[in-house]
Amino acid sequence: MLPYDVIETIIQDLAEENGRKRKEALSACALTCRAFLHPSRTHLFSSINFKCDRRQGQDHYPNLILQNPSLAAHCRTLVFELATRNETDDIAGALLQVKNMRSFTLYGYSAWFRQWKEPSPLSPGMKQALIHLFGLPSLTKVAMHLGGPFGDVGLPPAILLSYCRNLVDLQLDGIHPTFTFATFTSASCLADVGPPPRLLSLHISKIFQFMDMLLDIRRSDGLPIVDLSRLQRLIVDCRAGDEIERLKRILSVTRRLESLDCQVRAYATFHNLAQMLDLKSLTTLKSMQLRFWVEHEKPDHFPGLIEELEEMSHQKNTGLQELLLDLQIYYIHSEFRFGIEWKKLDDVLGNPSAFPCLHSFTVKITLHTLKGHVQYDPQCQEQRFKEMKTRQLTRLSSREHLEFNFGFSNIFHYC
């Protein structure tokens with residue numbers, strides 16, 4: 001018999017493989033002998049997926065767990081989709097066996113499902129299972145992808161999140177823009193299991209009513225569902241002006257933000273981004289990534305962004321070290337116009353006194369072209385972009401102690 005530490009080393013090496021080979025190797029190890037069985041199961045069932053991929057089919061591990069629910073105790077990462085096939089009492093019982101899960105990804109009913117059937121309220125057993133999972137002390141990361149108003153199944157997200165104890169990483173994603181969480185969640189429904197978890201990372205996309213839930217809904221003790229004061233990393237996707245207003249609110253309660261990744265799809269300026277960030281007080285901000293879209297015959301907010309950056313450069317005691325501008329250009333039938341704002345960008349960021357701690361600045365430009373429908377030469381346009389670094393961004397290129405990266409790519413879309 002091999003020493004146990006040797007067996008663990010062998011299985012650990014096999015567990016570091018990716019894809020199907022990893023599962024096949026660990027499954028073979030589990031059948032070798034009893035000494036290999038437990039450590040192999042620990043890795044085999046550390047990640048369980050109850051979400052059906054229509055291209056690959058349902059993972060067979062959930063079926064094994066239903067036959068032997070004790071296997072769920074090995075789960076550390078769980079992906080679960082609310083679907084009729086997953087809402088049986090057997091599955092609910094298996095989920096109750098999960099004890100040390102660290103990461104949980106929950107998918108609501110998809111928009112495709114809602115087109116032909118209204119979801120039924122969750123069974124008492126499934127509600128109990130979900131509340132159990134969100135209440136695990138080991139749970140530190142949650143991702144909720146909601147395909148519609150999650151409250152119509154009888155268990156609003158605010159209630160689930162109120163059971164979390166040690167959550168530090170939260171991702172919220174949805175596609176139902178008219179839904180408001182506060183309409184169906186009262187303080188008496190929320191759990192008071194201790195101090196609200198202190199989030200370190202927050203990622204919100206597609207639906208900003210999540211902000212109302214995180215900022216406005218209170219537990220019976222008057223505390224919010226989560227504590228955002230120590231947030232270090234924030235990723236947001238703004239698609240309308242009111243969403244930018246909500247972004248201002250969340251920034252107003254953060255005091256330790258280090259990284260901001262803001263995607264702006266709204267056709268407007270940045271709405272006083274400099275005042276919203278208030279870099280004079282938000283001295284912890286080290287990395288900022290601004291991603292925005294420019295479309296044909298739509299208002300271009302790039303000039304407004306340059307004005308915002310100029311205002312931010314006048315604020316003292318800023319610790320910003322990394323800045324990225326990601327420009328997605330959708331000019332299908334006409335040529336993108338090179339305005340004076342590019343030269344102004346060079347004047348603002350090329351000044352050594354602007355953002356004195358800045359050591360990395362990246363500009364990424366992606367030109368989206370509809371194949372066969374352009375009225376200009378895409379290759380000529382691409383050449384003009386590539387020459388911009390040496391012709392219009394000369395001060396940035398020569399600024400000392402600054403790593404300046406300029407990237408360009410052209411994506412062709414077919415009709």
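Please read these numbers as outputs of a predicted model, since none were measured by experiment. (Residues numbered from 1 in each chain as written. Predicted model: local features only at pLDDT ≥ 70, side-chain atom pairs only at ≥ 80, totals over all residues. Heavy atoms only, no water.)

A. Quick look at the packing of aromatic side chains. This structure, assessed with the given rule, holds two aromatic pairs. Pairing F104 with F134 gives two aromatic rings, centres 5.4 Å apart and planes at 70°, and the pair type is edge-to-face. With F104 in strand β3 (residues 103-107) and F134 in helix α7 (residues 124-134), this pair connects stretches of sequence that are 30 residues apart. Overall, F104 belongs to the buried group, its relative accessible area being 1%. With centroids separated by 5.6 Å and ring planes inclined at 5°, the aromatic side chains of F361 and F404 adopt a geometry described as stacked. In this pair, F361 sits in strand β11 (residues 360-370) while F404 sits in strand β12 (residues 403-413), placing the two residues 43 residues apart along the sequence. Judged by its relative accessible area of 9%, F404 is buried. (Phe/Tyr/Trp six-rings, centres within 6.5 Å; stacked < 30°, edge-to-face > 60°. Helix = DSSP H or I, 4+ residues; strand = E, 2+ residues; numbered from the N terminus. Buried < 20%, exposed > 50% of the residue type's maximum accessible area, 1.4 Å probe, protein only.)

B. Summary view of the side chain of D173. Structurally, D173 is set in strand β5 (residues 169-174). Looking at D173, the relative accessible area reads 13%, which means it is buried. At a separation of 3.1 Å, a polar atom in the side chain of D173 contacts the side chain of S205. (Polar contact = N/O pair within 3.5 Å; in protein donor to acceptor, adjacent residues only side chain to side chain.)

C. Inspection of the pattern of salt bridges at higher detail. Taken as a whole and assessed by the stated rule, the structure comprises seven salt bridges. Across the pair D227 and R198 runs a salt bridge, and its minimum N-O distance is 3.8 Å. With D227 in the loop between α9 (209-216) and β7 (233-238) and R198 in the loop between β5 and β6 (201-205), the pair connects residues that are 29 residues apart, well separated along the chain. The residue K343 makes a salt bridge to D346 at a minimum N-O spacing of 3.8 Å. Taken together, the residues K343 and D346, both in helix α13 (residues 341-349) and three residues apart, mark about one turn of the helix. What makes D346 buried here is its relative accessible area of 0%. (Salt bridge = Lys/Arg side-chain N within 4 Å of Asp/Glu carboxyl O.)

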